[in-house]
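Notes for the structure review
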Amino acid sequence: MKKVFVIHYQPLEAYPPGMNFINFLSAQEDFKIRVSSSCLRKDLDLKPFTVQNIHISRPGLRNKRSLFKLLDYIWYYTATFIQLLLFKPHTVIYFETLSSWPALLYKKIRKDVKLMVHYHEYVSPKQYAQGMKLSRYMHSMEMSMYTSAFSWISQTNEERMEMFRRDNQLLAMPEQLFRIIPNYPPKQWSSYKKVTDCNLSVLRLVFVGSLGYKNMYLQELTDWIQLQSDIELDVYAYNIDQEAVALLKKCDPDKIRFHGGVDYHMLPEILGNYDVGIVMYKPFSENTVHAVSNKVFEYLACGLDVWFSTDMTYSYRYVRDNVYPKVLAVDFSNLDAFDYQSAVNREGLKYQPSQYFYEQEYIKFLEVI
């Protein structure tokens, strides 16, 4: 039986790809899995993620105030490293730099263990330099071991991987070490698909996910919607800044509604009530510009049209307007020029289901594990 240890420092409940990966591993035969993640913050009103046949430990403090932060890190990394020593896994998989320290130290002790890392997001050298000293220190450890210790390094798309390899002087390393694993939803979400025509009497838009006022076109979208007689917007966000909350409270509640957060497993049933899913990032970082949001695939899986910001240049490769549900680039900075009625028109178009589900991607991990 293969022993696999997964380290995901950030709380899994806030990272759907992490939960999806654990669910995928739980379905594999002849695997014994252990997972280390951190406790949910008290302000995140989410249901704790559990899997029937996998033990998920959560060393650390729920109180994340700065006074206790250092103690929390020490507790988490020490407890996770001790678990590694006791469990003696054949493979260690960690997510993001902040999860790396126990895995890297264990690899130094156990040379035969397979070490794998997946990065949810691209982090530039400038971001590391300006970020936490702890993250910078751990990344320096990663850099010293990339060429000799890893069996797998993955990013979510090709452009992010190219930048990552260039930043870390890894362009000469064998191609098979580097993998692309997009963040897709479960195949079962397709059973909730909405395939009916969009209701043009009232076009129902939905936004799901973390929401920031300065890094998204929230002001532009809400201003535009309140001028339209036939469009409504519902917002579901557990991670939202106060400026965004203040704006939403000022909006007409008959047209724009804020519902707070929602557990990931509840999304398919909720999304089936809408016509169009919104992804409205501004170009505030390379990570955003060179990305396609998880939500594009989640909306699409449930049969919604998708409107994403024209600033998200990597997402253009997923544009489709000759079938439905459609995926369209929208200039949220100039919505007055947007012909939304033509955008949602499905006359003469055939339904084409989404082909983007995590089962087809995560199976690649098994080749190395």
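So, a few notes on the structure that sits alongside this text. One numbering rule holds for all chains: residues counted from 1, following each sequence as written. Only residues with pLDDT of 70 or above have their local features reported here, since the model is predicted, and side-chain atom pairs are shown and tallied only from 80 upward, although totals for entire chains, interfaces and linings are computed over all residues. Heavy atoms from the whole structure form the basis of all side-chain values; hydrogens and water molecules are not counted.

1. Some remarks on the side chain of Lys255
Helix and strand definitions follow DSSP, with helices as H or I runs of at least four residues and strands as E runs of at least two, each counted in order from the N terminus. Along the chain, Lys255 turns up in the loop between α8 (242–250) and β10 (256–258). Comment: no salt bridge for buried Lys255; closest opposite-charge side chain is Asp252, at 6.2 Å. Under the rule applied, a polar contact is a pair of N or O atoms within 3.5 Å (in protein, one hydrogen donor and one hydrogen acceptor; residues adjacent in sequence only if both atoms are side-chain atoms). Within the local environment of Lys255, its side chain forms a polar contact with the backbone oxygen of Ile231, the two atoms lying 2.9 Å apart. With sequence-adjacent residues up to four places away left out, Lys255 is seen in contact with Ile225, Gln226, Gln228, Ser229, Asp230, Ile231, Glu232 and Leu233. For each residue, the accessible area found with a 1.4 Å probe, counting protein chains only, is set against the maximum for its type, and the residue is called buried under 20%, exposed over 50%, and partly exposed in between. A residue counts as positive if it is Lys or Arg and as negative if it is Asp or Glu; His and the chain ends are not included. A pair is scored as a salt bridge if a Lys or Arg side-chain nitrogen falls within 4 Å of a carboxyl oxygen belonging to Asp or Glu. Should any heavy atoms of two residues lie within 4.5 Å, those residues are counted as being in contact.

2. Side note on the sheet that holds strand β2 (residues 31–37)
We treat two strands as partners when DSSP finds at least two bridges between them. Read from one edge to the other, the open sheet built from seven strands follows the order β3-β2-β1-β4-β5-β6-β7, with strand pairing classed as parallel. Looking at the sheet topology across the chains shown, the edges are occupied by β3 (55–57) and β7 (178–180). Adjacent strand axes in the sheet meet at a mean angle of 20° when their direction is disregarded. Both strand β6 (residues 150–155) and β7 contribute to a ladder of three bridges, which runs parallel. From the neighbouring strand, Ile153 faces β7, where its bridge partner is Phe178. Throughout, an axis means a line fitted to C-alpha atoms (over the contacting stretch in the case of helices), and angles, computed between N-to-C directions, take values from 0 to 180 degrees.

3. Considering the packing of helix α7 (residues 218–225) against α8
Two elements in contact, α7 and α8, have axes whose closest approach is 11 Å; the angle formed by their N-to-C orientations is 5°. In terms of their interaxial angle, α7 and α8 are classed as roughly parallel. Counting all contacts with α7, which are made through Leu218, Gln219 and Thr222, the residues of α8 involved are Ala244, Leu247 and Leu248. For the contact of α7 with α8, the per-class residue count stands at four nonpolar, two polar and no charged. Angles are sorted into four bins: roughly parallel if under 35 degrees, roughly antiparallel if over 145, roughly perpendicular if 65 to 115, and oblique for all others. All residues other than Ala, Val, Leu, Ile, Met, Phe, Trp, Tyr, Cys, Pro, Asp, Glu, Lys and Arg, Gly among them, are scored as polar; the first ten of these are nonpolar and the last four charged.

4. Section: the pattern of salt bridges
According to the stated counting rule, one finds 12 salt bridges in the structure shown. Its salt-bridge partner being Glu159, residue Arg317 comes within 3.4 Å of it at the nearest N-O pair. Taken as a pair, Arg317 in the loop between β12 (305–309) and β13 (323–324) and Glu159 in helix α6 (residues 158–167) lie far apart in primary sequence, 158 residues in all. For Arg317, a relative accessible area of 48% gives the class partly exposed. Residue Glu159 is classed as partly exposed on the basis of its relative accessible area of 27%. A salt bridge links Arg179 to Glu367; the shortest N-O distance between them is 3.3 Å. Placement of the pair is Arg179 in strand β7 and Glu367 in helix α13 (residues 359–368), with a sequence separation of 188 residues. Assessed through its relative accessible area of 58%, Glu367 is described here as exposed. Bridged by salt links that share partners, the residues Arg204, Glu232, Asp234 and Arg257 form one connected network.

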